[in-house]
Amino acid sequence: MKNDFVIFAGTANSELAVKVARKLGVELGACTIERFPDGETSVRLDEPVRKREVFIIQPTAPPVNEHLVELLAFADSCRRASAAHITAIIPYFGYARSDKRDRERVPVMASMVADLMQRVGIHHVITVDMHTPQLEGFFRIPVDELAAVNVLADALRDRLPEQTIVVSPDVGRLPMAAEFARRLDTSVVVLEKKRESGTETKVMHLVGDVRERPCLIIDDMISTGGTMGSGIEALLEAGARPEIIVAATHGLMLTGAREKLSHESVREVIVTDTIEATDKDWPQLRVVSVAPLIADAIRELKS
Ligand code: R5P
């Protein structure tokens, strides 16, 4: 692997960036990130990037706007300092759920964000389990989506109770659930979900039979925990065994999520480290790392 590249970390998930750099046997690039007294973002690269390949690791995790602007500022600094190629590694892609005009007079934020990223000179985006794969269509640059299913399935394989069935929390997540089931050698059921508000969802139907079965509910993200919370209730009502495991790629874990998931029937909640865990004192929560996945992707691009 050539060494004419540098990895910078924004402030959104420096723990993950350090792990990725360690896997590749390099130090993170030197930079200074500060906030001006009025809240504006200040980014300075403290080493040259001229003609070098640059990777910036920054999930646009909450606070989304802060972290997004930081990423854009990084890319702008790199472009103006004549970096040869800029790859943004965005393990969690915020605003991905705003991918269409679902009401009148609303923006399509994912499209706007994609435009901004290209405008500041990002040449390539690598992300993990984007909310919806068609977001790639908002970009004219390459977008590579890494899948965390393997990392999560490997971590779960030896811990699942016998006869566990995989549950998709909504129809859109069925391909992901099917991939979990294939890797864990089991089958899938699907919940049909209706969103009542930003924090509450309601399960309208369950397609499949969960009677006396332990369940593994999967999703791309746990935000407020509403989807998982209503899913757990629906499964128990349908006769599932009170042995439920919850797995998601992105653990945003906003206020209230822990309460919704701290159900007596939930044995474990497993997420990846695409988002830095803020609640480190939660015995049911297990975090597995996507650092090897990201390091392999960088290695692949450099080879
Ligand atoms: C929705 O389509 C997503 O895939 C997730 O199910 C949802 O965003 C999770 O959010 P919450 O935890 O707030 O229900």
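Residues numbered from 1 in each chain as written. Predicted model: local features only at pLDDT ≥ 70, side-chain atom pairs only at ≥ 80, totals over all residues. Heavy atoms only, no water.

Draft legend 1. Spatial organisation of the site of the ligand. Near the ligand lie 15 residues; those nearest to it are Asp 219, Asp 220, Ser 223, Thr 224 and Thr 227. In the environment of the ligand, an oxygen atom lies 2.6 Å from a nitrogen or oxygen atom belonging to the side chain of Asp 219. Note that an oxygen atom of the ligand is positioned 2.8 Å from one of the backbone N or O atoms of Gly 225. Within the complex, the protein chains bury 92% of what would otherwise be the 380 Å² of accessible surface of the ligand. Those elements giving two or more residues to the shell around the ligand turn out to be strand 9 (188-195), strand 11 (215-222) and helix 6 (226-237). With four residues, the top contributor of residues to the shell around the ligand is strand 11. Each residue belonging to the shell around the ligand can be placed in one class, and the counts come to two nonpolar, six polar and seven charged. (Near = heavy atom within 4 Å. Polar contact = N/O pair within 3.5 Å; in protein donor to acceptor, adjacent residues only side chain to side chain. Areas by Shrake-Rupley, 256 points an atom, 1.4 Å probe, with all protein chains shown as cover. Helix = DSSP H or I, 4+ residues; strand = E, 2+ residues; numbered from the N terminus. Nonpolar A, V, L, I, M, F, W, Y, C, P; charged D, E, K, R; others polar.)

Draft legend 2. Expanded view of the domain arrangement of the protein chain. Examined at the domain level, the protein chain breaks down into domain 1 (5-147 + 291-302) and domain 2 (149-273). Computed from C-alpha atoms alone, the centre-to-centre distance between domain 1 and domain 2 is 29 Å. Facing the 13 residues of domain 1 at the interface are 13 residues of domain 2. With both chains or domains summed, domain 1 and domain 2 bury close to 1000 Å², and 53% of this area falls on carbon and sulfur atoms. On the domain 1 side of the interface with domain 2, the three residues burying the most area are Tyr 92, Asp 129 and His 131, jointly 44% of the side's total. Counting across the interface, domain 1 meets domain 2 through one salt bridge. The salt bridge partner of Asp 273 is Lys 19, with a shortest N-O separation of 3.5 Å. Applying the counting criterion to the domain 1 and domain 2 interface returns seven residue pairs in polar contact (both at pLDDT 80 or more). Secondary structure elements with two or more residues in the side of domain 1 that touches domain 2: helix 1 (14-24) and helix 8 (291-302). (Domains from an automatic or database assignment. Contact = heavy atoms within 4.5 Å. Buried area = accessible area lost by both parts, 1.4 Å probe. Salt bridge = Lys/Arg side-chain N within 4 Å of Asp/Glu carboxyl O.)

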